[in-house]
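Overview (structure and organization)
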Amino acid sequence: MGRRKTRLGVIGGAAVLLALGAGALAWAWEAAIPPQPRPAADGFPPELVAEGARLAAVGNCIACHTVPGGRSFAGGLALPTPFGTIHSTNITPDEEAGIGRWSEEAFIRAMRRGVDRDGRHLYPAFPYDHYTLVSDADNRALYAYLMTRTPVRAEAPANDLPFPLNIRMAVAGWKLLYFREGAFTPDPAKPEVWNRGAYLAEGLGHCGACHSPRNALGAVEENRAWSGGEAEGWTAYPINEQSPAPIPWTADSLTFYLRHGWHPAHGVSRGPMAEVTGNLAGLPDAEVAAIAAYVADRMGSPSPERLRRGEDLQGLVPRLTADGMTRPPAADSQGDERGEAIYRTACAACHESGRPLPFGGLPFALSTAVNASNPQNIVNVTLFGLPPGDGTVSAVMPAFGGALTDADMVALLRHLRGRFSDQPPWEGLERLVADTRSGTHRVAVRPADGIERAPRNVGAAD
């Protein structure tokens, strides 16, 4: 009798597990949407395509879906993640390799729910957890824009992910834990400009995707949103009340920075942020100002002490005057002699020249990179510099990786931190410099204010 009960219990347990598995499969399964012939490019109203272009700039779509030196939106870019490498898809209207056979319904489902035309769950490297906020009207404009791009027959390489992450159904479990579908809901207690900025920044702009820490499963830590993150080997600084900028950001300074890719008190955009500002440069002023208003509100009001310190630092901002350039006062020398000597030889000529940005060097006392808790960005720009944009005027900085040893780099960075910041010394500089130089820590290097993936590809029209 006991064995019979045990056998029945095992069978019953197995039946429950099978039922749960079948239920989970049914819940996770998504139907394919039938393909359709590619719509004619001239069938879309020009004003709808133009609006889609502006929205695609907010989403920085071209950045992830373009390989350096390759055709725009043709996909294939390797996106390293802690779980393996994902390759971006071809979103040109090619009917075989791209989305040419996708209906508008299929496109909106991908944006709103993270499911492709074939019914496969998309990996959240495609930030549909943000894009779900986008309205159907804006998705229609984006669809019109992408369907009028140049079709490119290019297949993306296969993703390199371990089991079970290489099974698309596993993504459904991630969605169950972390994804909440739904369009943006305005806050009636906030002004219209704030709501517009929130819609753009939280949705298509997906600012929090880079500027937020992530948990062990790669999901944004919602309780620490906008508290700083990592993108392509660069630190994405906190853009909330934890911002390390020596001079506090304001809505006006953010508007200028997002519009021009630099600000005289904050420096030039670089790394992945260079693409963001490069794209936003084409937006109407009101849209950029709305994003800035929302971000400034999230940063909050700085403390009186921080405001006073920022006011004291304003005198270091290089400006053009009627008589030409003015030099910021040189700071008192502090730190070890080796770092001071390297600074004088390699850095001071630009960073104490008084030449205004974007072509002069920012005084280091104003540098967020020098004042940040993580030195990764100052390591990156010192080793690799800022390459010139091809076919456009851009800020440049020489790469010192070939001239400075790891020990030189560490001495210089310790000097910069000690002389130009009141923050505690950085820990682990030796390992960080070595790993960044060797490529153990991979860094994407591109020009300041560049709108695509590499210098030779800036401003491609296709």
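Within each chain, residues carry numbers counting from 1 in the order of the written sequence. Two thresholds apply to this predicted model, a pLDDT of at least 70 for residue-level local features and 80 or more for giving and counting side-chain atom pairs, whereas whole-chain, interface and lining totals are computed over all residues. Note that the side-chain values use all heavy atoms of the structure and ignore hydrogens as well as water.

Examining the overall build of the protein chain
Convention followed: Helix and strand definitions here come from DSSP, where helices need a minimum of 4 consecutive H or I residues and strands a minimum of 2 consecutive E residues; each element is numbered from the N-terminal end. Areas reported as accessible are Shrake-Rupley estimates using a 1.4 Å probe. Residue values count occlusion only from the protein chains shown.
Secondary structure assignment for the protein chain yields 19 helices and 8 strands. In the structure as shown, the protein chain presents an accessible area of about 22200 Å², 57% of it carried by carbon and sulfur atoms.

Concerning the side chain of Asn377
Our working definition: Whether two residues are in contact is decided by their heavy atoms, any of which lying within 4.5 Å being enough.
Relative to the assigned elements, Asn377 resides in helix α17 (residues 376–384). Discounting residues that sit within four places of it in the chain, Asn377 has contacts with Trp234, Thr235, Tyr237, Arg270 and Ala369.

Focus: the pairing of strand β2 (residues 84–87)
It is a general feature of regular strands that their side chains alternate between the two faces of the sheet. The criterion, for reference: By the convention used here, strands pair only if DSSP detects at least 2 bridges between them.
Relative to β2, strand β1 (residues 78–81) runs antiparallel, the two sharing 4 bridges. By the bridge assignment, Thr81 is partnered in β2 with Gly84. Between the antiparallel neighbours β1 and β2 lie 2 residues.

Overview of the environment of Gly59
Going by this rule: Here's how the labels work: a residue is buried when its accessible area is under 20% of the maximum for its type, exposed when over 50%, partly exposed in between, all with a 1.4 Å probe on protein chains only.
Its location among the elements puts Gly59 in helix α2 (residues 46–59). When its relative accessible area of 2% is taken as the criterion, Gly59 is described as buried. Aside from chain neighbours lying at most four places away, what touches Gly59 is Tyr131, Leu204 and His206.

So, the pattern of salt bridges
Here is the rule we go by: One speaks of a salt bridge when a side-chain nitrogen belonging to Lys or Arg is within 4 Å of a carboxyl oxygen belonging to Asp or Glu.
For the coordinates displayed, the defined rule picks out 22 salt bridges. Arg112 is the partner of Asp136 in a salt bridge, and the nearest nitrogen-oxygen pair spans 3.1 Å. A residue pair is termed long-range when its members are at least 10 positions apart, and Asp136 in helix α6 (residues 136–147) and Arg112 in helix α4 (residues 104–113) qualify at 24 residues. By relative accessible area, which is 34% here, Asp136 ends up partly exposed. Take Arg112: its relative accessible area is 14%, and that puts it in the buried class. Between Arg309 and Asp422 there is a salt bridge, with the nearest N and O atoms lying 3.6 Å from each other. Of this pair, Arg309 sits in helix α13 (residues 304–313) while Asp422 sits in the loop between α18 (406–420) and α19 (429–438), and the two are 113 residues apart along the sequence. Residue Arg309 is classed as partly exposed on the basis of its relative accessible area, which comes to 28%.

Quick word on α17
With 8 of 9 residues buried, α17 is to be regarded as a mostly interior element. Where the residues of α17 are buried, they touch β4 (234–236), α16 (368–371), α18 and α19.

A look at the packing of helix α8 (residues 192–204) against helix α12 (residues 285–299)
For clarity, the threshold we go by: A fitted line through C-alpha atoms represents every axis, and for helices the fit uses only the stretch in contact; the resulting angles, taken between N-to-C directions, go from 0 to 180 degrees. These descriptions rest on fixed angle ranges, namely under 35 degrees for roughly parallel, over 145 for roughly antiparallel, 65 to 115 for roughly perpendicular, and the rest for oblique. Here the nonpolar group is Ala, Val, Leu, Ile, Met, Phe, Trp, Tyr, Cys and Pro; Asp, Glu, Lys and Arg are the charged ones; every other residue, Gly included, is treated as polar.
The interhelical angle for the contact between α8 and α12, taken along N-to-C directions, is 90°, at an axis separation of 7 Å. Relative to α12, the element α8 lies roughly perpendicular. In this structure, α8 uses Val193, Trp194, Arg196, Gly197, Ala198, Leu200, Ala201 and Glu202 to contact α12, whose residues at the interface are Glu287, Ala290, Ile291, Ala293, Tyr294, Asp297 and Arg298. The residue makeup of the contact of α8 with α12, split by class, is 9 nonpolar, 1 polar and 5 charged.

Focus: the environment of Leu48
Of note, Leu48 is situated in helix α2. With near-sequence residues (within four places) excluded, Leu48 lies in contact with Arg140, Ala141 and Ala144.

Quick word on unusual backbone geometry
In this model, Phe163 is joined to Pro164 through a cis peptide bond whose omega is 0°. Mapping Pro164 onto the fold places it in the loop between α6 and α7 (169–178). In this chain, Leu357 is followed by Pro358 through a cis amide linkage whose omega measures 10°. Inspection of the secondary structure assignment puts Pro358 in the loop between α15 (348–351) and α16. With phi around 55°, Asn60 is a residue other than glycine that occupies positive phi space. Tracing the backbone shows Asn60 in the loop between α2 and α3 (61–64). When its relative accessible area of 12% is taken as the criterion, Asn60 is described as buried. In the Ramachandran plot, Trp226 falls in the positive-phi region, its phi being about 70° despite a non-glycine side chain.

Let's talk about α12
As a reminder, the rule being used: Given the number of residues in a helix, its expected span is that number minus one, multiplied by 1.5 Å.
Its 15 residues place the ends of α12 21 Å apart at the C-alpha level, agreeing with the 21 Å of an ideal helix rising 1.5 Å per residue. Buried within α12 we find Glu287, Val288, Ala290, Ile291, Ala292, Tyr294, Val295, Ala296 and Met299. Packed against the buried residues of α12 are α8, α10 (251–260) and α11 (272–280). One or two positions beyond α12, positive phi appears at Gly300, with a value near 75°.

Description of the confidence of the model for the protein chain
Where we set the bar: Along the chain, pLDDT gives the predictor's confidence residue by residue, from 0 to 100.
Predicted confidence across the protein chain gives a mean pLDDT of 87, with 86% of residues reaching 70 or more. Averaged over each element, pLDDT in the protein chain is lowest for strand β7 (residues 320–321) (40) and highest for α8 (98). Every residue in residues 320–333 is under pLDDT 50, and counting partners more than four places away or in other chains gives 26 contacts. For residues 452–460, every residue scores under 50 in pLDDT, and the model assigns this stretch 38 contacts once sequence neighbours within four places are set aside.

A closer look at the nonpolar core
In plain terms, the rule: The nonpolar core is taken to be a set of buried Ala, Val, Leu, Ile, Met, Phe, Trp, Tyr and Cys residues, with the residues joined through side-chain atoms within 4.5 Å.
Ranked by internal contacts, the top residues of the largest apolar core, which has 59 residues, are Phe107, Leu204 and Trp226. If we ignore the near neighbours within four places in the chain, the residues touching Leu204 are Leu55, Val58, Gly59, Met111, Tyr131, Val134, Leu142 and Tyr199.

As for the packing of aromatic side chains
Each aromatic ring pair is characterised by the separation of its centres together with the angle its planes make. Condition: Stacked, tilted and edge-to-face pairs are distinguished by plane angle, under 30 degrees for stacked and over 60 for edge-to-face with tilted covering the rest, among Phe, Tyr and Trp rings (Trp via its six-membered ring) whose centres lie within 6.5 Å. Counted as over-ring charges are cases with an Arg CZ or a Lys NZ within 6 Å of the ring centre that also lie within 35 degrees of the ring normal.
Taken as a whole, this structure holds 15 aromatic pairs when the rule is applied. Between Tyr128 and Phe179, the ring centres sit 5.3 Å apart and the planes meet at 85°, which makes this aromatic pair edge-to-face. Residue Tyr128 is located in helix α5 (residues 128–131), and its partner Phe179 is located in the loop between α7 and α8; the two are separated by 51 residues in the primary sequence. Assessed through its relative accessible area of 10%, Phe179 is described here as buried. One aromatic cluster is present, formed by Phe126, Tyr128, Tyr131 and Phe179 through successive ring pairs. Sitting over the ring of Tyr128, Lys175 keeps its end group 5.0 Å from the ring centre. Directly above the aromatic system of Trp226 lies the positively charged group of Arg298, at a separation of 4.4 Å from the ring centroid.

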